[in-house]
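Chain by chain, the residues run as shown.
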Amino acid sequence: MVDQHDPHSGLHSEHGALSGEHPGRAADPIVKVHDLAWLEFEKPDLDRAAQFADDFGFTVSLRTADELHLRGTGAGSPCVLIRRGARSRFIGPAFQAADTADLVRLADVTGQNLTALPETLGGFTVDLTDPNGLRVRVVGDTHPLPELPVQPPLTINAGDGLLRINSTQRPPREPARVQRLGHVVLQSTKYRQTLDWFLKHLGLIVSDFQYFADQRERGPAMSFIRCDRGTTPTDHHTLALTLGPTNRYVHSAYQVSDLDALAAGGEYLHDRGYHRSWGIGRHILGSQIFDYWRDPDGFMVEHFSDGDMFDCTLEPGWSPMTVSGLYQWGPPTTKDFLGLAPSRESVRELRGMIGALREDNEFDLRRLRSLLKVAKT
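Residues numbered from 1 in each chain as written. Predicted model: local features only at pLDDT ≥ 70, side-chain atom pairs only at ≥ 80, totals over all residues. Heavy atoms only, no water.

Trainee: How should the overall build of the protein chain be read in this particular structure?
Mentor: Helix and strand counts for the protein chain stand at seven helices and 20 strands. Taken against the 2.2 N^0.38 rule, which gives 21 Å for 377 residues, the C-alpha radius of gyration of the protein chain at 21 Å falls within 12% of a compact globule. Along the longest, intermediate and shortest principal axes, the C-alpha atoms of the protein chain span 60 × 55 × 45 Å. Relative to its 377 residues, the protein chain shows a buried fraction of 52%. (Helix = DSSP H or I, 4+ residues; strand = E, 2+ residues; numbered from the N terminus. Rg over C-alpha atoms; globule rule 2.2 N^0.38 Å. Buried < 20%, exposed > 50% of the residue type's maximum accessible area, 1.4 Å probe, protein only.)

Trainee: Can you help me understand the state of the cysteines in this one?
Mentor: Note on terminology: disulfide describes a covalent bond linking the sulfur atoms of two cysteines. Throughout the structure, instances matching the rule amount to zero disulfides. For C227, which is in no disulfide, the shortest distance to another cysteine sulfur is to C312 and amounts to 13 Å. Owing to a relative accessible area of 2%, C227 belongs among the buried residues under this scheme. (Disulfide = S-S within 2.5 Å.)

Trainee: Quick question: what am I supposed to make of the sheet that holds strand β15 (residues 275–283) here?
Mentor: With mixed pairing, ten strands are arranged side by side in an open sheet as β19-β10-β11-β13-β9-β14-β17-β16-β15-β20. What marks the edges here is a single partner per strand, and that holds for β19 (317–320) and β20 (327–329). Each strand of the sheet is rotated relative to its neighbour by a mean of 25 degrees, with strand direction disregarded. As defined by bridge partners, strand β9 (residues 180–188) adjoins strand β14 (residues 248–255) across seven bridges and the pair is classed as antiparallel. Residue pairing in the sheet places L181 in a bridge with Y254 of β14. Against the sheet, helix α4 (residues 259–271) makes contact with β15, β16 (289–294) and β17 (300–305), and its axis sits at roughly 20 degrees relative to β16, the strand it touches most. (Pairing = 2+ DSSP bridges. Axes fitted to C-alpha atoms, helices over the stretch in contact; angles between N-to-C directions. Contact = heavy atoms within 4.5 Å.)

Trainee: Whenever I open this one, the side chain of T246 confuses me. Can you help?
Mentor: With respect to the secondary-structure elements, T246 resides in the loop between β13 (239–243) and β14. A relative accessible area of 16% places T246 in the buried class. In this structure, T246 is in contact with Q187, S188, T189, R348, E349 and G352, ignoring residues within four places of it in sequence.

Trainee: Is there a simple way to explain helix α7 (residues 365–374) in this structure?
Mentor: Counting along an α-helix, one turn takes 3.6 residues, and residues three or four places apart therefore face a common direction. The set of residues buried in α7 consists of R367, L368, S370 and V374. In an axial view of α7, the angular spread of the buried residues amounts to 165 degrees, which keeps them on one side of the axis. The elements touched by buried residues of α7 are β13 and α6 (344–358). Capping of α7 at its N-terminal end is provided by D364; its side-chain oxygen lies 3.3 Å from the backbone amide nitrogen of R366. (Arc of directions from axis to C-beta. Polar contact = N/O pair within 3.5 Å; in protein donor to acceptor, adjacent residues only side chain to side chain.)

Trainee: Quick question: what am I supposed to make of the pairing of strand β2 (residues 59–63) here?
Mentor: Every other side chain in a regular strand lies on the same face of the sheet, so the side chains alternate between the two faces. Of the pairings in the sheet, the one linking β2 to strand β3 (residues 67–71) comprises four bridges and is antiparallel in character. Residue pairing in the sheet places L62 in a bridge with H69 of β3. As consecutive antiparallel partners, β2 and β3 are separated by three residues.

Trainee: For this particular structure, what's the right way to read the sheet that holds strand β6 (residues 114–116)?
Mentor: Hydrogen bonds between backbone atoms are what pair the strands of a sheet, whose relative direction is either parallel or antiparallel. Spatially, the eight strands line up as an open sheet ordered β2-β3-β4-β1-β5-β8-β7-β6, and their pairing is mixed. In the strand order of this sheet, the two ends are held by β2 and β6, each with one partner. Strand-to-strand twist in this sheet, taken as the mean axis angle between neighbours without regard to direction, amounts to 25 degrees. Each of β1 (35–43), β2, β3 and β4 (80–84) touches helix α1 (residues 46–56); the most contacted strand, β3, lies at about 10 degrees to it. Sheet strands in contact with helix α3 (residues 191–202) are β5 (89–96), β7 (124–129) and β8 (135–140), and its direction is about 20 degrees off that of β8.

Trainee: When you look at unusual backbone geometry in this model, what are you seeing that I'm missing?
Mentor: Residues other than glycine predominantly adopt negative phi, and peptide bonds predominantly adopt the trans conformation. Omega for the bond connecting G279 with I280 falls within 30 degrees of zero, at 0 degrees, which places this linkage in the cis form. In this fold, I280 is placed in strand β15. A positive phi is found at N166, a non-glycine position, where the angle reads about 60 degrees. The phi dihedral of D306 falls on the positive side, at around 60 degrees, and the residue is not glycine. With respect to the helices and strands, D306 occurs in the loop between β17 and β18 (309–310). The partly exposed category is assigned to D306, whose relative accessible area is 48%.

Trainee: Got a minute to help me understand empty space enclosed by the protein in this structure?
Mentor: Summary: where empty space remains is shown by rolling a probe the size of a single water molecule over the atoms. This structure, assessed with the given rule, holds two cavities of 30 Å³ or more. By volume, the largest cavity is sized at about 120 Å³. Lining the largest cavity are 14 residues, and of these K43, F58, V80, D295 and V301 lie nearest its centre. At the level of secondary structure, the elements contributing two or more residues to the lining of the largest cavity comprise β1, α1, β4 and β14. Examining the composition of the lining of the largest cavity, we find that three residues originate from one element, α1, more than from any other. For the lining of the largest cavity, the per-class residue count stands at twelve nonpolar, no polar and two charged. Size it by volume and the second largest cavity reaches roughly 50 Å³. Considering the residues around the second largest cavity, the lining is formed by G182, H183, D235, H236, H237, Q288, F304, G307 and D308. (1 Å grid on protein atoms, 1.4 Å probe; cavity = no way out; pocket = protein on both sides within 12 Å on 5 of 7 lines; lining within 4 Å. Points joined across faces, edges and corners; volume = space filled by probe spheres on them. Nonpolar A, V, L, I, M, F, W, Y, C, P; charged D, E, K, R; others polar.)

Written out as structure tokens, the structure reads:
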């Protein structure tokens with residue numbers, strides 16, 4: 001029997017597909033990428049970007065007059081590349097190819113060139129364009145960055161398991177050191193077309209689908225998508241896609257060591273006047289402990305810890321899209337997180353709604369009405 005007092009009843013990913021619904025993976029993908037490599041942005045003020053990066057917990061791996069590379073403590077690629085530009089904008093994601101042979105295959109099948117990346121990164125890229133016009137890179141053979149010292153998780157006394165005796169717990173109020181890039185969330189007016197494009201070209205697979213509660217028959221309106229590395233577990237989502245009135249970056253997420261690092265790092269950001277968008281809480285889909293912030297250019301970024309890891313055997317879950325379904329515990333979702341607070345972004349979104357309803361895409365009037373209902377559920 002469903003507990004009517006539990007707002008999360010019926011929302012969890014254990015509910016699977018109905019007959020004939022989207023399988024959540026392509027039958028014959030061109031390649032299967034291994035991970036999200038980095039995200040690329042343009043910003044006019046690199047000094048300001050570097051200061052926020054330091055306060056958020058990144059390490060600068062490259063700084064020139066026109067370029068800034070931000071990394072985590074893990075070995076591999078930088079997490080974020082920022083180039084000087086006339087205005088702040090998201091350029092696109094880069095995914096890590098399994099090997100050079102996959103890059104060659106991808107270039108051959110798509111008719112794109114295999115080109116060398118700048119020497120600061122090394123390696124090669126195949127640059128694709130998704131159905132929204134977003135540049136999507138698949139990269140390989142880049143120069144690996146060495147591992148840096150990590151911010152160790154605290155030793156916890158949990159129940160009767162006493163691991164800390166005659167010693168106090170005093171986590172310092174300092175930046176939460178970013179370990180790695182976890183995922184990026186994108187909004188699309190052509191959600192289904194974009195979803196199928198990523199599954200076909202990059203071999204990604206869906207962990208969870210969400211649908212508008214009164215429109216399941218029209219298919220999903222959001223998906224949380226992971227890399228397919230066979231029996232090697234990967235993040236619950238490396239990419240999330242959602243249907244909306246504009247094509248835009250929503251947020252990106254960066255792993256830190258534990259809850260205390262995340263919370264103390266949040267206090268550090270708060271003390272320096274940065275805007276918390278939402279948090280601290282724990283998600284349902286993905287299970288991450290989360291804390292969302294706005295950088296000085298208005299981009300939403302997330303600290304997270306303790307996320308779910310799935311291998312290729314798990315089939316997609318299905319659940320209705322609701323605000324209460326976003327979190328297990330934590331403060332109520334904010335208007336800023338939902339894009340409803342007055343801001344340049346909300347104004348662009350409102351204009352986008354008007355434009356999207358006039359165009360031939362998946363965001364029609366019925367979808368708009370359902371999306372507006374989500375904020376009340």
